[in-house]
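Structural description and commentary
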Amino acid sequence: MVLMRTFLLLLLLDFFLVLFCAQKKTPMKSSHIASWPKCQQNTSVANIPGFQTLPQHIKDFLYYRHCRHFPMLLDVPDKCGGADKSGEVFLLLVIKSSPGNYERREVLRKTWGEERLHNGVWIRRIFISGTTDSGFEKERLNKLLELEQREHNDILQWDFSDTFYNLTLKQILFLEWMERNCPNARFLLNGDDDVFANTDNMVEYLQGLKDNDGRQHLFTGHLIQNVGPIRGNNSKYYIPVQVHEADSYPPYCGGAGYLLSHYTALVIYKMSKSINLLPIDDVYMGMCLAKAGLGPVSHMGFKTAGLYIPSKKADLYDPCYYKDFLLVHRFLPARMYFMWHKIHDPNLKCGDSSNH
Ligand SMILES: *[C@@H]1O[C@H](CO)[C@@H](O)[C@H](O)[C@H]1NC(C)=O
Ligand SMILES: *[C@@H]1O[C@H](CO)[C@@H](O)[C@H](O)[C@H]1NC(C)=O
Ligand SMILES: *[C@@H]1O[C@H](CO)[C@@H](O)[C@H](O)[C@H]1NC(C)=O
């Protein structure tokens, strides 16, 4: 009897403890995280023919391929003003970033990623991140993100290893978050933290669509088609048959940056639930689209393979080349800052050949 009572008391205590923890939102303490059930590695993948000959990162990928839920370390649940009001966000910038990329985040906050009203509609920003390093360095980087969060409220972070091969996982975790917190944001730009995105032009392009409430299918960027897995193991994009058997990929848009509607984002999320993860995130988006019977379309404003500059003597960073694009690959932070200001300079004169 006494034992029973102690047991009940403990149960009650536990209950209140859980309530207390649930109420304490961000930032969560690491002790709390440690108590989450960890996704176990799938040891039977070692029986796949040829498994032992695969490079370590592929082995790792196969061991953890089925893991899709990771504890959230940083959250901004009201980024879109709540699920119901999220339709008031016209363009949500969803930027893939790793904890160490502090300078890139800082410059984006001051340039194309600035949260603002443009042409009468709202642009909002979110960085999506995992964790990197281990031990003290991991702690330090997590603290850094926490500090940034305090000032900017723009980071979603999950406790998984932020590697190139986990980018698809990052996307899926984001889509899950979006379905819950931001399902009606009209359009999304999904991209890297080192691209130059002309978000003013993007808003204007999207506003010019016949239907611009985000309820129709839209997926556009730098279209890549008629390609398949790279089977040579010295490539960053190496995909052995043990990961993807088919010799072709469906059409997709280069992952440096593409635009999509919330309708399409939610369809992709739904499809992803029954498609095995593929480490290459942009191809995976294409696979989800294909499964839904949808496809990406090409937009000439996305130059993820770089710009074609007609003359060798021309200035690679002449703002006139960048004014009319939607997205260009790879900019260092200082160049980003400078270019963003240059293309907004009211005295900038373009259009005549003397400038090029
Ligand atoms: C584990 O791997 C085996 C071999 O690839 C696969 O058949 C099985 O479905 C996997 N289990 C889970 C939980 O993903
Ligand atoms: C890459 O492939 C070659 C030839 O098949 C093989 O000899 C080598 O061990 C492989 N390297 C790795 C890291 O798997
Ligand atoms: C992805 O993240 C999980 C969780 O941190 C980790 O166990 C796994 O090794 C990572 N996968 C790759 C391929 O980096």
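Structure: above.
Please read all numbers here as calculations on a predicted model, not as lab measurements.

About the criteria used
- Residues numbered from 1 in each chain as written.
- Chains lettered and ligands numbered in written order.
- Predicted model: local features only at pLDDT ≥ 70, side-chain atom pairs only at ≥ 80, totals over all residues.
- Heavy atoms only, no water.
- Near = heavy atom within 4 Å.
- Polar contact = N/O pair within 3.5 Å; in protein donor to acceptor, adjacent residues only side chain to side chain.
- Areas by Shrake-Rupley, 256 points an atom, 1.4 Å probe, with all protein chains shown as cover.
- Nonpolar A, V, L, I, M, F, W, Y, C, P; charged D, E, K, R; others polar.
- Salt bridge = Lys/Arg side-chain N within 4 Å of Asp/Glu carboxyl O.
- Helix = DSSP H or I, 4+ residues; strand = E, 2+ residues; numbered from the N terminus.
- Buried < 20%, exposed > 50% of the residue type's maximum accessible area, 1.4 Å probe, protein only.
- Contact = heavy atoms within 4.5 Å.
- 1 Å grid on protein atoms, 1.4 Å probe; cavity = no way out; pocket = protein on both sides within 12 Å on 5 of 7 lines; lining within 4 Å.
- Points joined across faces, edges and corners; volume = space filled by probe spheres on them.
- Disulfide = S-S within 2.5 Å.
- Expected span 1.5 Å × (residues − 1).
- Arc of directions from axis to C-beta.
- Core = buried A, V, L, I, M, F, W, Y, C linked by side-chain atoms within 4.5 Å.
- Phe/Tyr/Trp six-rings, centres within 6.5 Å; stacked < 30°, edge-to-face > 60°.

Attention now goes to the site of ligand 1. Lining the immediate surroundings of ligand 1 are Asn-42, Ser-44, Val-45, Ile-48 and His-66. Within the side chain of Asn-42, a nitrogen or oxygen atom sits 2.4 Å from an oxygen atom of ligand 1. For ligand 1, the accessible surface in isolation is 360 Å², of which the surrounding protein chains cover 40%. By residue class, the composition of the shell around ligand 1 is two nonpolar, three polar and no charged.

This next bit is on the pattern of salt bridges. One pass over the full model with this rule turns up 19 salt bridges. Here Arg-140 ties to Glu-137 by a salt bridge, and the two come within 3.1 Å at their closest N and O atoms. Of this pair, Arg-140 and Glu-137 both sit in helix H5 (residues 135-152), separated by three residues, roughly a single helical turn. Overall, the relative accessible area of 32% leaves Glu-137 in the partly exposed class.

In this section: the environment of Pro-250. Considering the arrangement of structural elements, one finds Pro-250 in the loop between strand E8 (219-224) and strand E9 (252-261). Taking the C-alpha atoms as reference points, Pro-250 and Pro-296, 46 residues apart in sequence, are found 9.7 Å from one another. Those residues within four positions of Pro-250 in sequence are excluded, and the remaining contacts are Gly-286, Met-287 and Ala-290.

The final tally for this structure, using the stated rule, is one cavity of 30 Å³ or more. Put simply, the largest cavity is a space of about 40 Å³. The wall of the largest cavity is formed by Gln-171, Leu-175, Asn-190, Tyr-258, Leu-260, Ile-268 and Met-285. Contributions of two or more residues to the lining of the largest cavity are made by helix H6 (167-181) and E9.

With that out of the way, let us pick up the site of ligand 2. Close to ligand 2 lie Thr-53, Pro-55 and Asn-233, which account for all nearby residues. Here an oxygen atom of ligand 2 and a backbone polar atom of Thr-53 are 3.5 Å apart. Asn-233 places a polar side-chain atom, nitrogen or oxygen, 2.4 Å from an oxygen atom of ligand 2. Protein contacts shield 27% of the accessible area of ligand 2, which totals 360 Å² for the unbound molecule.

This part is about the state of the cysteines. Counted by the stated rule, this structure contains three disulfides. Each disulfide pairs two cysteine sulfurs, and for Cys-39 the partner residue is Cys-67, the sulfurs being separated by 2.0 Å. Because the sign of the S-S torsion sets the handedness, a value of about -80° for the bond joining Cys-39 and Cys-67 places this disulfide among the left-handed ones. On the criterion of sequence distance, the pair formed by Cys-39 in the loop between helix H2 (30-34) and helix H3 (56-64) and Cys-67 in the loop between H3 and strand E1 (72-74) is long-range, its members being 28 residues apart. When its relative accessible area of 2% is taken as the criterion, Cys-67 is described as buried. Through a disulfide, Cys-320 is tied to Cys-350; the S-S separation comes to 1.8 Å. Taking the sign of the S-S torsion, -80° for the link of Cys-320 and Cys-350, the bridge is left-handed. Within this pair, whereas Cys-320 is found in helix H10 (residues 319-322), its partner Cys-350 is found in the segment after helix H11 (333-343), the two being separated by 30 residues in sequence. Accessibility expressed as a relative area gives 7% for Cys-320, which makes it buried. Residue Cys-350 is classed as partly exposed on the basis of its relative accessible area, which comes to 27%. Counting only the cysteines that take part in disulfides, in the order they occur along the chain, gives the pairing 1-2, 3-4, 5-6.

Moving on, we get to H5. When the terminal C-alpha atoms of H5 are compared, their 26 Å separation across 18 residues agrees well with the 26 Å that a helix rising 1.5 Å per residue should span. Of the positions making up H5, those classed as buried are Leu-141, Asn-142, Leu-145, Glu-146, Glu-148 and Gln-149. Down the axis of H5, the buried side of the element spans an arc of 165°, and every buried residue falls inside it. Within H5, the exposed residues directed more than 90 degrees away from the buried face are Phe-136, Arg-140, Arg-150 and Glu-151. In the core, the buried residues of H5 are packed alongside E1, helix H4 (102-110), strand E4 (121-131) and strand E5 (155-161). Phi for Asn-153, located one or two positions after H5, is positive at around 50°.

So, on to the nonpolar core. Residues Leu-92, Leu-156, Trp-158, Phe-174, Trp-177, Leu-278 and Tyr-284 are the most contacted members of the largest nonpolar core, which totals 53 residues. At the level of elements, H3, strand E2 (89-96), E4, E5, H6, E9, helix H8 (262-272) and helix H9 (281-291) are the ones that each hand at least two residues to this core. Of the residues forming this core, the biggest block, seven residues, is contributed by H6.

Right, let's talk about the packing of aromatic side chains for a bit. Note on aromatic pairs: each is described by the distance of the centres and the angle between the planes. Inspection of the entire model under this criterion finds 15 aromatic pairs. Seen in terms of ring centroids, Phe-164 and Tyr-237 are 5.6 Å apart; in terms of plane orientation they differ by 75°. Their pairing is edge-to-face. With Phe-164 in the loop between E5 and H6 and Tyr-237 in the loop between E8 and E9, this pair connects stretches of sequence that are 73 residues apart. Overall, the relative accessible area of 38% leaves Tyr-237 in the partly exposed class. Geometrically, the ring pair formed by Phe-196 and Trp-340 is edge-to-face, given 6.3 Å between the ring centres and 65° between the ring planes.

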